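Analysis of the macromolecular model
Next come the chains, spelled out residue by residue.
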Amino acid sequence: MVSLTVRAMLALQHLLSAPGPVTVGALARRLRVSPRAVRYDLQAADAWLRARGLPRLRHQPGVGVSFAGSDRDRHEALQALSAMTPDVYVATPRERLQLLLILLFAGEGKLTHQAVRERLSISKSTLTRTLGEASRWLSRDGLRLRAGPGGLAVEGDEADQRRAIARLMGEVLDTESRLALLPSFRNAVPPMRQPGPAAEFLRLLDRRDLPWLESCALAAQADLGVTFTDAALADLVLNLAVVVRRIRRGALLGGAESLPGPAAAPGDRPPGAVSSAVVRVAEQIQARLGCALPRGELAYLDALFRRLHVQAGGSALDVRELARCIALHAESALGCPLAGDQTLLDSLALHLGPALARIQQRAPAPPNPLLQDVQRDYPLLYQVASWATGIVRRRTGVELTPDEIGYIAMHLGAALERQRERPTPPGRILAVCPTGLATGQLLAARLQAEFGPGVTVQVTSLREVAARARQGDLIVATVPIQSTSARAVTVHPLLPRVDAARVAIALGRAGGVPSATDLIDSIMALVARYATITDPPGLRQALSRLVTHRPDPALWEGGQPMLRDLLTERTVALDVEADTWEDAVRAAGSLLVADGSVTPAYVEAMVQTIQSLGPYIVLVPGVAVAHARYGAHVLRVGMSLVRLRRPVAFGAGENDPVDLVFAFGSPDNASHLKALSGLARLLGDADALRRLREATEVEEVVRLIQ
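Residues numbered from 1 in each chain as written. Predicted model: local features only at pLDDT ≥ 70, side-chain atom pairs only at ≥ 80, totals over all residues. Heavy atoms only, no water.

Notes on the confidence of the model for the protein
Note: predicted coordinates in regions of low pLDDT should not be interpreted at a detailed level. Selection rule: What pLDDT conveys is the predictor's confidence in a given residue, as a value from 0 to 100. Between two residues, a contact is recorded if the distance between any of their heavy atoms is within 4.5 Å.
Summarising the model, the protein shows a mean pLDDT of 78, and 82% of its residues fall at 70 or more. Within the model, pLDDT remains below 50 along residues 255-273, and this stretch shows 28 contacts once partners closer than five positions in the same chain are excluded. Segment residues 548-559 is flagged for pLDDT under 50; beyond a separation of four residues in sequence, or across chains, it makes 44 contacts in the model.

Overview of the sheet that holds strand 13 (residues 658-665)
Formally: Two strands pair if DSSP finds at least two bridges between them. Comment: elements are numbered from the N terminus, with helices defined as DSSP H or I runs of at least four residues and strands as E runs of at least two. The convention used is that axes are lines fitted to C-alpha atoms, helices contributing only their stretch in contact, and that angles between N-to-C directions extend from 0 to 180 degrees.
Spatially, the five strands line up as an open sheet ordered 9-12-13-11-10, and their pairing is mixed. Edge positions in the sheet fall to strand 9 (572-576) and strand 10 (618-620), since each of these pairs with one other strand and no more. Averaged over neighbouring strand pairs, the angle between their axes works out to 25° when direction is ignored. In the sheet, strand 11 (residues 623-626) pairs with strand 13 via four bridges, with the strands oriented parallel. By the bridge assignment for strand 13, Val-623 is matched with Leu-660.

Some details on unusual backbone geometry
For the bond running from Asp-656 to Pro-657, omega is -10°, close enough to zero to count as cis. Its place among the elements puts Pro-657 in the loop between strand 12 (638-648) and strand 13. Its identity as a non-glycine residue notwithstanding, Asp-575 has a phi of 55°, on the positive side. Tracing the backbone shows Asp-575 in strand 9.

A look at the packing of helix 8 (residues 158-172) against helix 12 (residues 230-248)
Condition: The labels follow the angle: roughly parallel below 35 degrees, roughly antiparallel above 145, roughly perpendicular from 65 to 115, and oblique for the rest. Helix crossings fall into two classes, left-handed where the near helix is turned counterclockwise from the far one by less than a right angle and right-handed where it is turned clockwise.
For the pair helix 8 and helix 12, the least separation of the axes is 11 Å and the interaxial angle reads 140°. With respect to their mutual orientation, helix 8 and helix 12 come out oblique. Pair helix 8 / helix 12 crosses with right-handed handedness. Listed contacts from helix 12 to Glu-158, Gln-161, Arg-162, Ile-165, Ala-166 and Met-169 of helix 8 are Asp-235, Leu-238, Asn-239, Val-242, Val-243, Arg-246 and Ile-247.

Some details on empty space enclosed by the protein
Applied cut-off: Grid points spaced at 1 Å over the protein atoms alone were grouped into cavities, where a 1.4 Å probe fits but cannot get out, and pockets, open sets with protein on both sides within 12 Å along at least five of seven lines, with lining residues defined by an atom within 4 Å of a point. Grid points are joined across faces, edges and corners, and a volume is the space filled by probe spheres set on the points. In this count, Pro and Cys sit with the nonpolar residues alongside Ala, Val, Leu, Ile, Met, Phe, Trp and Tyr, while Asp, Glu, Lys and Arg are called charged and the others, Gly among them, polar.
Here the structure, examined in full by the defined rule, presents five cavities of 30 Å³ or more. There is about 40 Å³ of room inside the second largest cavity. Taken together, Arg-162, Ile-165, Ala-166, Asn-239, Val-242, Val-243 and Tyr-300 make up the lining of the second largest cavity. When contributions to the lining of the second largest cavity are tallied by element, the ones reaching two or more residues are helix 8 and helix 12. Of the residues belonging to the lining of the second largest cavity, the class tally is five nonpolar, one polar and one charged.

This is how it looks when you write it as structure tokens:
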């Protein structure tokens, strides 16, 4: 009889339960292994299905993997899986490192080399290699791995150890697993079934503490007057559970003798230093444990609240001003009105405050699960977000991580989606996305743009969806939803075409929108009427990739002229004389006028825009991208480039002086985005910019752009 490892069982169980195809990459992220390891597991799953006389898995390139059998076959396979005893779990090298770190932080008795080898089932040479990896991992938080007569142990400050444990939690527990541990979500998400490090991480906390700690966190939410995202609540409760277990072990911050009385009362702390909500949480922990907490613990709890998406106290940094500056930068780069979008400004401010606090405190944060999707499918938005967030570095000295830049790009994408309108019959949707504000806002905006103003889209948390389910015709969620009376559709947060079609059908207002399979079948039949199809499987695969995975060109990439269509010999000029930035902008604008793209009034509008908003058009050192608001003075999409003989200052600080000035105009807020995407790639290519500056002829520049 064919057997399966725990991981292979989990992969097959997920496929059997999924509403549609699942990509190998998605399975790899869920199981926290490489795609190659997933493919081995799928081979084993296929052999297991075949041995039981069940249909095999269907592998569709560019689409994903799905179970090919009927609902009855699916039920039979799930029953057989539930009755199985899995093979011994075999950890990957990354999982071995994580398991070793969990053993070290757990501190359950003397941990010898032999004990580790037996626990992890590894050889001496593998243990030596894993210990070296653990030492390097720990050093990132200023910790050391000690090996002595007392066994293996972690040395370093307690605050550094807690920070390292939080980082480890981010590596081994995905969002669904964290939510599944909390009482509020046990009826909303499937129970945690991740093997290996995910299950072993529970050694670092006591699950019996989770109910009362969740109550503490929810009470603090009310005291603070904020609303935690589902993911933030789970992170906060699990981090508090780690703190409680560390305190029980006697690992205190500040020394137990430093505060013999109650945890710092409001009168004992500097005004505004720690919120009263955090003090009450500390007092509840103190009462539960029956010991006095030192001041250091109170300060740690306050920092914990601040970095986990909660602004527990005041901030000297005006994040709203930062949000406005980011919106202005993005507006300048995209040519779309963003600085007046109050929803965008509020969302950016809510995101930036905790993000900056986390980075400044060197605190770990869960990775952005959509970062690769955003970078791959929407490179223009990611590049614009990267440029725009340069203002954060200049004003605060904080360098935002790629994960944070990805979230900023998602906020910008949601703002762009809100500018689209599509008429559709009325309906109501509850959008559920537990991973964070940016993802939820983007999903809601995609749904609103897809189905128009006649559909009411409300964002809600996973823990509230059961109570609010009757308010919506449909629940659209980024994680599987269970135990609700309403219909639910699980989608990707970026809402690709196939998911939009599934939502339309589920609403009962599809207006004839077919499923991806039906659409492909119809196209195949139509092509066959007029031509001979020499490779039907190949054509079907190509159509499948087109229908299900191509980003929506109407917004994100424009579907209009490309960069090479706009920057031609007529719209490029080299070694132009300009004494001021106004002269430089007018020189670039005059090329647009001569090309018939804009009127002279648009050129003056570009100058006035810079005078009003400042030098936000200087996106990278030495390069400005000038434009004004789209409207009547733009005749068609156009773009120009002038290279100045002598660079001029725009007042852009470290990005001055400027020698390359691009200008563009668009009749609407979308037609120019495809060309801008090409420009973003050009500006991100240092070698291409060097060649632009060194070119001796306009024809050479045009060839480079082609």
